[in-house]
Amino acid sequence: GEQVSQRTKNPERDSLYALAERYAARAVASDPTRADGHFALAAAMGQASLAKGRKERIRRASLVRRSALRALALDPKHDGAHHILGRWNAEIMRTSGFSRFVAKKFLGAGVFNQASWERAIYHLERAAELDPGRIYHHVELARIYADRERYADAEDHLERVDSLPEREFMDSVYKSDAAALRRRVARR
């Protein structure tokens, strides 16, 4: 599903995310003591949420966060759960102040008060520390650094991406994203 643009409606992508969510929920139900099931559920819900309307995304945001926090409670060194929490914080902080206000006040998204740039950076730094060979961690951390105008830090992680071998299916896409981000950072 990640291979298909999030910008357009795509029933096939959405059905793949829904299937991933069902499988992850079954994994959690079969063994709730394993962090990987909770991580998979958070990841699947997060990806599926991108294709949902605002109210549904807001409702699901707390579920994504809860599943990622549960994974970390079971395994504090789970790089994937740290990654999800880093992205979760960043996505909330990238939302306009007015939209966050509306979500908190009228849509019951009080959990948005927990989001911060500091938490986004902490969790993605931790993810990159735990698995320094995972390209996606460095790209997302660089994106957050760029958002915070920490361009030297962003460039450092983008350089690391260049030196890392591709080991996961989407790594070529992430390397492409890193190159585009590097051009944006260079124009600052």
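You'll find the structure just up there.
From a predicted model like this one, the values you see are computed outputs, not experimental measurements.

## Focus: the overall build of the protein
No. 1: When helices and strands are counted, the protein shows nine helices and zero strands.
No. 2: Along the protein, helices (α) and strands (β) appear in the sequence α-α-α-α-α-α-α-α-α when read from the amino end.
No. 3: Partitioning the contacts of the protein with sequence separation of at least 6, the portion at a separation of at least 24 is 59%.
No. 4: Carbon and sulfur atoms make up 50% of the accessible area of the protein, which amounts to about 10400 Å² in all.

## Details of helix α6 (residues 117–130)
No. 1: For α6, with 14 residues, the first-to-last C-alpha span of 20 Å sits near the 20 Å given by 1.5 Å per residue.
No. 2: Listed as buried for α6 are Trp117, Ala120, Ile121, His123, Leu124, Arg126, Ala127 and Ala128.
No. 3: Where α6 is buried, its residues contact α3 (54–74), α4 (79–94) and α7 (135–147).

## Some points on the packing of helix α8 (residues 151–163) against helix α9 (residues 171–186)
No. 1: Contact geometry for α8 and α9: axes closest at 10 Å, N-to-C directions at 150 degrees. Comparing the axis directions of α8 and α9 gives the class roughly antiparallel. Crossing geometry of α8 relative to α9 is assigned as left-handed. Along the contact surface, α8 presents Tyr151, Ala154, Glu155, Leu158, Glu159, Val161 and Asp162, while α9 presents Lys175, Ala178, Leu181, Arg182 and Val185.
No. 2: Here the residues of the contact of α8 with α9 sort into seven nonpolar, no polar and five charged.

## Quick look at the side chain of Ser116
No. 1: Counting through the fold element by element, Ser116 comes out in the loop between α5 (97–106) and α6.
No. 2: For Ser116, a relative accessible area of 12% gives the class buried.

## A look at the packing of aromatic side chains
No. 1: Inspection of every chain in the model, using the stated rule, returns one aromatic pair.
No. 2: When the ring of Tyr136 is compared with that of Tyr174, the centres are 4.1 Å apart and the planes differ by 10 degrees; the resulting orientation is stacked. Taken together, the residues Tyr136 in helix α7 and Tyr174 in helix α9 connect sequence positions 38 residues apart. Considered together, Tyr136 and Tyr174 belong to a single accessibility category, that of buried residues.
No. 3: Sitting above the plane of the Trp88 ring, Arg65 keeps its charged end 5.4 Å from the centroid.

## Overview of the nonpolar core
No. 1: Counting 23 residues, the largest nonpolar core has Ile135, Val139, Ile144, Ala154, Tyr174 and Leu181 as its most contacted members.
No. 2: Counting residues per element, the ones that place at least two in this core are α6, α7, α8 and α9.
No. 3: Tallying contributions element by element places α7 first for this core, with eight residues.
No. 4: In this structure, Val28, Ala35, Met45 and Ala81 belong to the second largest nonpolar core, which totals 17 residues.

## Structural notes on the pattern of salt bridges
No. 1: Applying the stated criterion across every chain, the model contains 18 salt bridges.
No. 2: Here Glu168 ties to Arg167 by a salt bridge, and the two come within 3.9 Å at their closest N and O atoms.
No. 3: For Glu168, a relative accessible area of 29% puts it in the partly exposed group.
No. 4: Each member of the salt-bridge network shares a partner with another, and the members are Arg87, Glu91, Arg94, Glu140, Arg143 and Asp147.

## Examining unusual backbone geometry
No. 1: In this structure, Glu149 is a non-glycine residue whose phi angle is positive, near 60 degrees.
No. 2: With respect to the helices and strands, Glu149 occurs in the loop between α7 and α8.

## Description of the side chain of Ser67
No. 1: Within the secondary structure layout, Ser67 lies in helix α3.
No. 2: Take Ser67: its relative accessible area is 9%, and that puts it in the buried class.
No. 3: Aside from chain neighbours lying at most four places away, what touches Ser67 is His38, Leu41, Ala42 and Met45.

## Considerations on the environment of Ala44
No. 1: Summarising the element assignment, Ala44 is placed in helix α2 (residues 35–49).
No. 2: Residues Ala44 and Arg22, 22 residues apart in the sequence, show an inter-C-alpha distance of 8.9 Å.

Criteria and cut-off values
Residues numbered from 1 in each chain as written. Predicted model: local features only at pLDDT ≥ 70, side-chain atom pairs only at ≥ 80, totals over all residues. Heavy atoms only, no water. Helix = DSSP H or I, 4+ residues; strand = E, 2+ residues; numbered from the N terminus. Contact = heavy atoms within 4.5 Å. Areas by Shrake-Rupley, 256 points an atom, 1.4 Å probe, with all protein chains shown as cover. Expected span 1.5 Å × (residues − 1). Buried < 20%, exposed > 50% of the residue type's maximum accessible area, 1.4 Å probe, protein only. Axes fitted to C-alpha atoms, helices over the stretch in contact; angles between N-to-C directions. Parallel < 35°, antiparallel > 145°, perpendicular 65-115°, else oblique. Left-handed = near helix turned anticlockwise from the far one by under 90°. Nonpolar A, V, L, I, M, F, W, Y, C, P; charged D, E, K, R; others polar. Phe/Tyr/Trp six-rings, centres within 6.5 Å; stacked < 30°, edge-to-face > 60°. Lys NZ or Arg CZ within 6 Å of the ring centre and 35° of its normal. Core = buried A, V, L, I, M, F, W, Y, C linked by side-chain atoms within 4.5 Å. Salt bridge = Lys/Arg side-chain N within 4 Å of Asp/Glu carboxyl O.

Take it as geometry only, folks, not as evidence of what the structure does.
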